[in-house]
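Structural characterization, general
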Amino acid sequence: MTATAARPAETFAAKQATTRHFLMCPPAYFTVEYVINPWMNPDEPVDAALAMAQWEELKNTYVRLGHTVNTIEPQPGLPDMVFAANSGTVIEGRVLGSKFRAPERAAEAEHFRRWFVTHGHRDLVMPTRINEAEGDFAWTGEVLLAGTGFRTDPAAHAEAQEALGVPVVSLNLIDERYYHLDTALFVLDKGPNAQIAYYPGAFSEGSRRVLARMFPDAVIADEADASCLGLNGVSDGHHVVLPFEATGLAAQLEERGYEVIGLDMSELRKSGGGPKCCTMELHS
Ligand code: ARG
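Given the structure is predicted, the values throughout are model-derived calculations rather than measurements. (Residues numbered from 1 in each chain as written. Predicted model: local features only at pLDDT ≥ 70, side-chain atom pairs only at ≥ 80, totals over all residues. Heavy atoms only, no water.)

1. Describing helix α1 (residues 48-64)
With 17 residues, α1 should cover 24 Å at 1.5 Å per step; its first-to-last C-alpha distance of 24 Å lies within 8% of that length. Residues of α1 that are buried include every one of Ala 51, Gln 54, Trp 55, Leu 58, Thr 61 and Tyr 62, and no others. Viewed end-on, α1 has its buried residues packed into an arc of 115°, placing them on one side of the element. Among the exposed residues of α1, those oriented more than 90 degrees off its buried face are Ala 49 and Arg 64. (Helix = DSSP H or I, 4+ residues; strand = E, 2+ residues; numbered from the N terminus. Expected span 1.5 Å × (residues − 1). Buried < 20%, exposed > 50% of the residue type's maximum accessible area, 1.4 Å probe, protein only. Arc of directions from axis to C-beta.)

Given below as structure tokens:
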């Protein structure tokens, strides 16, 4: 018997999916016309029809898996509005809106605020500090992991703790390619035994130590998985949606009993986005 075959079956418990509620925005006006992260190059053409097809595939995947997907009306002149994760943090009915660092994206926050209000989310606070929502916030079901370094202001972490009433753990991002927390880390399982996957190279040394202490059994991704935005994944606890290029990460996840669904996100990646960026989760 090989070492792998000898691994007791109970090492990794059976993976249980839970139904999720997502908010997405079709990339009707998607382009790359300004540069606010190192992935963006306005000289490289974007195939708008292909971007839409890739986004539709992502949305259809969620629906097929039994999740609820709401969509918000895209707006002309807001090419990054497809990245819905950046526009709100919703935990157990409480909503913290967003406040973008880049003036080019500032108007997105108000469209989403209105969506929340018109869809019955009355317990809503708008931030006073730069806050790019789920781009930099990952809810484990117990704590809110919060990134800073490029976008979200560290003072927004304290604001989030107060507005949402959940403990916040601040993490420092140090590599500009991984400018949002959700480009370097995602939650695989929520709850008291929460599990994450992350790319250590994106974090300061202190933050790496925090993550190792909190999640000693985390899935550790390498540079190859990170550089296709493989950490921009979405998990329902059993199915994990990833860019298909993240093959090393996919193999590790499958070994642990997750079912990986690899999607082509090439066009949205030209703006620095992947599956998670396109997906705001309304955490119940
Ligand atoms: N071009 C967008 C920006 O730089 C991409 C945002 C991706 N969203 C995310 N959650 N990482 O703001």
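Further notes follow.
2. Some remarks on the environment of Ala 85
You can see Ala 85 is positioned in the loop between β2 (68-71) and β3 (89-91). Its relative accessible area of 0% is what places Ala 85 among the buried residues. A C-alpha to C-alpha distance of 9.7 Å links Ala 85 and Cys 25, two positions 60 residues apart in sequence. Among residues more than four places away in sequence, those in contact with Ala 85 are Glu 132, Ala 133, Glu 134, Gly 135, Asp 182, Lys 276, Cys 277, Thr 279 and Met 280. (Contact = heavy atoms within 4.5 Å.)

3. Examining the nonpolar core
Leu 145, Leu 185, Phe 203, Leu 249 and Leu 253 are the most contacted members of the largest nonpolar core, which has 39 residues in total. Among the elements that line this core, the one with the most residues is strand β9 (residues 185-189), at four residues. When neighbours within four sequence positions are excluded, Leu 249 is seen to be in contact with Phe 186, Ala 197, Val 219, Ala 221, Asp 225, Gly 230, Leu 231 and Leu 242. Ranked by size, the runner-up nonpolar core spans 22 residues in total, among them Val 32, Ala 51, Met 265 and Leu 268. (Core = buried A, V, L, I, M, F, W, Y, C linked by side-chain atoms within 4.5 Å.)

4. What to know about the pairing of strand β7 (residues 144-148)
With five of its five residues buried, β7 lies for the most part within the structure. As consecutive antiparallel partners, strand β6 (residues 137-139) and β7 are separated by four residues, and within that stretch Gly 141 has a phi angle of approximately 95°, a positive value. When β7 meets strand β8 (residues 168-172), the two strands line up parallel, connected through five bridges. Bridge assignment links Thr 148 to a residue of β8, and that residue is Asn 172. (Pairing = 2+ DSSP bridges.)

5. Quick look at the packing of aromatic side chains
Counted according to the given criterion, the structure contains five aromatic pairs. Here Phe 30 and Phe 83 contribute two aromatic rings whose centre-to-centre distance is 6.2 Å and whose plane-to-plane angle is 85°, an arrangement assigned as edge-to-face. On the criterion of sequence distance, the pair formed by Phe 30 in the loop between β1 (21-24) and α1 and Phe 83 in the loop between β2 and β3 is long-range, its members being 53 residues apart. Of the residues examined, Phe 30 reaches a relative accessible area of 4% and is grouped as buried. (Phe/Tyr/Trp six-rings, centres within 6.5 Å; stacked < 30°, edge-to-face > 60°.)

6. Notes on the sheet that holds β9
Within a beta sheet, neighbouring strands are joined by backbone hydrogen bonds and run either parallel or antiparallel to one another. The strand order β9-β10-β11 describes an open sheet built from three strands, whose pairing is mixed. Both outer strands of the open sheet, β9 and β11 (219-220), are each paired with one neighbouring strand and no more. Bridging between β9 and strand β10 (residues 195-198) involves four bridges; their strand directions are antiparallel. Considered in β10, the bridge of Phe 186 is made with Ala 197.

7. Observations regarding the sheet that holds β3
Taken together, the six strands give an open sheet; going across it, the order is β2-β1-β15-β3-β4-β5, and neighbouring strands pair in mixed fashion. A single partner strand is all that each edge strand has here, and the edge strands are β2 and β5 (124-125). For β1 and β2, the ladder comprises four bridges, and the chain directions are parallel. Considered in β2, the bridge of Met 24 is made with Thr 71. Of the strands in this sheet, β1, β2, β3, β4 (94-96), β5 and β15 (280-283) are in contact with helix α2 (residues 108-118), which crosses β15 at around 30°. (Axes fitted to C-alpha atoms, helices over the stretch in contact; angles between N-to-C directions.)

8. A short note on the pairing of β10
Neither face of β10 is open: one carries Gln 195 and Ala 197, the other Ile 196 and Tyr 198, and all of them are buried. Remark: five residues form the turn of the hairpin made by β9 and β10, two consecutive strands paired antiparallel; Gly 191 in that turn has positive phi of roughly 115°. Across two bridges, β10 lies against β11 in parallel orientation. The partner of Tyr 198 across the bridge, within β11, is Ile 220. Handedness of the crossover joining β10 and β11 through helix α4 (residues 205-214): right-handed. (Right-handed = clockwise from strand over helix to strand, strands pointing away.)

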